[in-house]
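Architecture at a glance
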Amino acid sequence: MMSQSVSSQSKWREIFERQQLANAERWLDILVSEGNSAHIVVEEHDNLLRALEVSLQKSETFELAYGLIEQLFPIVFGYGDWDRWIIYLQEAIELSKELNRRSEEANLLSHKGNIMALKGDYQQAHLLYNQSIQIFERLEDRANYASALAKQATVYDLQGNPKEGLAMLEKASEVSHALGDKRALIQINLSLSSAYHKSRKWLSGVSAAQLAYELAKNLGDSQLENLALLNMVANYTELGNWGEVNDISPKIEESLVASGDLSKLSQFKNNMGIAAFNQGKYYVAEKAWQDALQINMQISQSVELARNLNNLGMVYTKLGEIDTAEDMLKKAAVIFEEKNIMFDWANTLDNLADVYESRGDLTEVRRVLTLALSLLSDDSLEPHVQGLVSIINGRLASISK
């Protein structure tokens, strides 16, 4: 009787596993057949994750697992559930290695690099992108090679090294133009618009973002459209083109809220705060940046959180809430120091000097400005670095008089 019971349990377990896999295959078919599947992912998120988990359990179902990842990842990437997805991706990477599926392995490494970049672990992101680039290069997969280069360039941009990023993007652009690969060109132009934004070349940033938007629209990819629109708003904000900002913003916010993309929604709110701050609308800026802060508290996007705190510190200084401003700016400085992002750290210290100056504490003003100056390279050719060095030197000189 005992052996029959065990046999019966094994039989039912096999039936249950087959049903789970059939269900996973059904979900993949639905996602593939649906033109815009973001609403399905929002509504059926838990069911889809269970389907993925089942398909990751065996090497025989790797094809199914990989298909689900490719459909889900571009959408769920913005949810901020990155620790869970690091596990999924690592399991899929191990399966791809076991099966010698090098192309899939490279793509999965690139996905994991995307997460590490947003988490602010730039060393890991560089390592993962390098592994991906090397595999694509060996496979002579020029399109994915160019796309991975563009992603690598974005990390340099996030670290405040747009010059290195631009050099890498030029190389990627040559490859993609030769191939006529639209998706790679979208990725390159998105990265270009971000790098131009960091380099204060805002008209070029708008042009690159517009090209990315048109290409994404032709492909019917709403996620990439939103990325392009976000970059447009960021550059238009710096140019003071408020008409364009106001025209584009409602469309972005509606789409990001509907898709549940918390990461991009926080970036959008941050951009809206910058737009309001630059127009002297400090309470509007505070509201937008507080909204972004609440979102960032939900997800492990530490560098974006630090930039958010820095911005709030600036607006609270303007509003005369000095103690709150100091608290925000000190928290931001700690994160930038931990992440070794020198320019943003120095910029935050410059803002902190405003707090001490409002109190008449010139000793602290001199201390933080001297520290900020030590973080910046005097011979840097980057305009934003040169600009901040000039501002800090001017402030220190005025204190010494």
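Let us look at the structure shown here. (Residues numbered from 1 in each chain as written. Predicted model: local features only at pLDDT ≥ 70, side-chain atom pairs only at ≥ 80, totals over all residues. Heavy atoms only, no water.)

Considering the overall build of the chain
Condition: Helical segments are the DSSP runs of H or I of at least four residues, strand segments are the runs of E of at least two, and each set is numbered from the N terminus. Computation of the radius of gyration draws on C-alpha atoms, with the globule rule given as 2.2 Å multiplied by the number of residues to the power 0.38. Relative accessibility decides the category of a residue: with a 1.4 Å probe and only protein chains considered, values under 20% of the type maximum give buried, values over 50% give exposed, and everything between is partly exposed. Residues count as neighbours in contact if any of their non-hydrogen atoms are within 4.5 Å of one another. Using the Shrake-Rupley algorithm and a 1.4 Å probe, accessible areas are obtained, with residue cover drawn only from the displayed protein chains.
Looking only at helices and strands, one finds 20 helices and zero strands in the chain. The C-alpha radius of gyration computed for the chain amounts to 24 Å, which stays within 12% of the reference 21 Å derived for 401 residues, consistent with globular compactness. In terms of overall dimensions, the chain has a C-alpha envelope of 95 × 55 × 40 Å along the principal axes. The buried share of the chain, reckoned over its 401 residues, is 53%. The long-range fraction of contacts in the chain, counting pairs at least 24 apart against all pairs at least 6 apart in sequence, stands at 59%. Carbon and sulfur atoms form 50% of the exposed surface of the chain, whose accessible area is close to 18800 Å².

Quick look at the pattern of salt bridges
Inclusion rule: Salt bridges, as used here, are contacts in which a Lys or Arg side-chain nitrogen is within 4 Å of a carboxyl oxygen on Asp or Glu.
Counted under the stated rule, the structure contains 18 salt bridges. Sharing partners across several salt bridges, the network here consists of Glu253, Lys269, Lys287 and Asp291.

Notes on unusual backbone geometry
Of note in the backbone geometry, Glu140 takes a positive phi value of approximately 60° without being a glycine. Among the secondary structure elements, Glu140 is positioned in the loop between α7 (122-138) and α8 (142-158). For Asn340, which is not glycine, the phi dihedral falls at a positive 60°. You can see Asn340 is positioned in the loop between α17 (322-339) and α18 (342-358).

Focus: the packing of aromatic side chains
Formally: Planes of paired rings set the category: under 30 degrees apart is stacked, over 60 is edge-to-face and the rest tilted, where pairs are Phe, Tyr or Trp rings (Trp by its six-membered ring) whose centres lie within 6.5 Å. Charge over a ring is defined by NZ of Lys or CZ of Arg lying within 6 Å of the ring centre and within 35 degrees of the ring normal.
Scanning the model with the defined rule gives seven aromatic pairs in all. Aromatic pair Phe77 and Trp82: ring centres 6.4 Å apart, planes at 45°, arrangement tilted. The pair formed by Phe77 and Trp82 is uniform in burial state, with each residue classed as buried. Considering the side-chain rings of Phe277 and Tyr282, the 5.2 Å spacing of their centres and the 55° angle between planes classify their relative orientation as tilted. A relative accessible area of 25% means that Tyr282 is categorised as partly exposed. Three or more aromatic residues joined by ring pairs make a cluster, and in this case those are Phe73, Phe77, Trp82, Trp85 and Tyr88. In this arrangement the basic side chain of Arg26 is found over the ring face of Trp27, its NZ or CZ atom lying 4.7 Å from the centre.

Brief notes about the nonpolar core
For clarity, the threshold we go by: To define a nonpolar core, start from buried Ala, Val, Leu, Ile, Met, Phe, Trp, Tyr and Cys residues and group those joined through side-chain atoms within 4.5 Å.
Formed by 134 residues in total, the largest nonpolar core has its most connected members in Leu68 and Trp85. The element best represented in this core is helix α4 (residues 62-76), accounting for 10 residues.

As for α8
This is how it is decided: Expected span of a helix, by definition, is 1.5 Å for each gap between consecutive residues, and there is one gap fewer than residues.
Under the 1.5 Å per step criterion, the end-to-end length of α8 is 25 Å for 17 residues, consistent within 8% with the ideal 24 Å. Of all 17 residues in α8, 14 are buried, a share of seventy percent or more. Where α8 terminates, the next one or two residues include Gly160, which has phi positive at roughly 85°.

Considering the packing of helix α5 (residues 82-98) against helix α6 (residues 102-119)
What counts here: Only C-alpha atoms enter the line fits that serve as axes; for helices the fit covers just the stretch in contact. Angles between N-to-C directions range over 0 to 180 degrees. Angles below 35 degrees are treated as roughly parallel, those above 145 as roughly antiparallel, those between 65 and 115 as roughly perpendicular, and all remaining angles as oblique. It is the rotation of the near helix from the far one that decides the hand of a crossing: anticlockwise by less than a right angle makes it left-handed, clockwise makes it right-handed.
It is the contact of α5 with α6, at a shortest axis distance of 9 Å, that shows an interaxial angle of 160°. The angle between α5 and α6 falls in the class roughly antiparallel. Between α5 and α6 lies a crossing of left-handed hand. Contacts between α5 and α6 involve Trp82, Asp83, Trp85, Ile86, Leu89, Gln90, Ala92, Ile93, Ser96 and Lys97 on the former and, on the latter, Glu105, Leu108, Leu109, His111, Lys112, Ile115, Met116, Leu118 and Lys119.

Here's the deal with helix α15 (residues 282-296)
Along its 15 residues, α15 runs 20 Å from first to last C-alpha, staying within 8% of the 21 Å computed at 1.5 Å per residue. Listed as buried for α15 are Ala285, Glu286, Ala288, Trp289, Ala292, Leu293, Ile295 and Asn296. Residues of α15 that are buried sit in contact with α14 (262-278) and α16 (302-318).

Here's the deal with the environment of Met328
Considering the arrangement of structural elements, one finds Met328 in helix α17. Distance in space between the C-alpha atoms of Met328 and Asn311 is 8.6 Å, their sequence separation being 17 residues. Setting aside its immediate chain neighbours within four residues, Met328 contacts Gln290, Leu309, Leu312, Gly313 and Tyr316.

What to know about the packing of α4 against α6
Any two packed helices are characterised by the angle at which their axes cross and by the distance between the axes. Between α4 and α6, the least distance of the axes is 12 Å, while the angle of their chain directions is 40°. When you trace α4 past α6, the crossing you get is left-handed. Across the interface between the two elements, Phe62, Tyr66, Ile69, Glu70 and Phe73 of α4 pack against Glu104, Asn107, Leu108, His111, Asn114 and Ile115 of α6.

Some remarks on the side chain of Glu326
Using the following cut-off: Throughout this description, a polar contact denotes any pair of N or O atoms lying within 3.5 Å of each other; where both atoms belong to protein, one of them has to be capable of donating a hydrogen while the other can accept it, and for residues adjacent in sequence the pair is counted only when both atoms sit in side chains.
Looking at where Glu326 falls in the secondary structure, it is placed in helix α17. For Glu326, the side chain forms a polar contact with the side chain of Tyr356, separated by 3.3 Å. There is a polar contact of 2.8 Å between the side chain of Glu326 and the side chain of Arg359.

Examining the environment of Leu388
Mapped onto the elements, Leu388 comes out in helix α20 (residues 383-400). Residue classification places Leu388 among the buried positions, given a relative accessible area of 4%. Here the alpha-carbon distance between Leu388 and Phe343, two residues 45 residues apart in the chain, equals 8.6 Å. Those residues in contact with Leu388 that lie beyond four places of it in its chain are Phe343, Ala346, Asn347, Asp350 and Leu376.

Observations regarding the environment of Ser207
Its place among the elements puts Ser207 in helix α11 (residues 202-219). Given a relative accessible area of 45%, Ser207 falls into the partly exposed group. Once the C-alpha coordinates of Ser207 and Asp261 are considered, the two residues, 54 residues apart in sequence, prove to be 25 Å apart.

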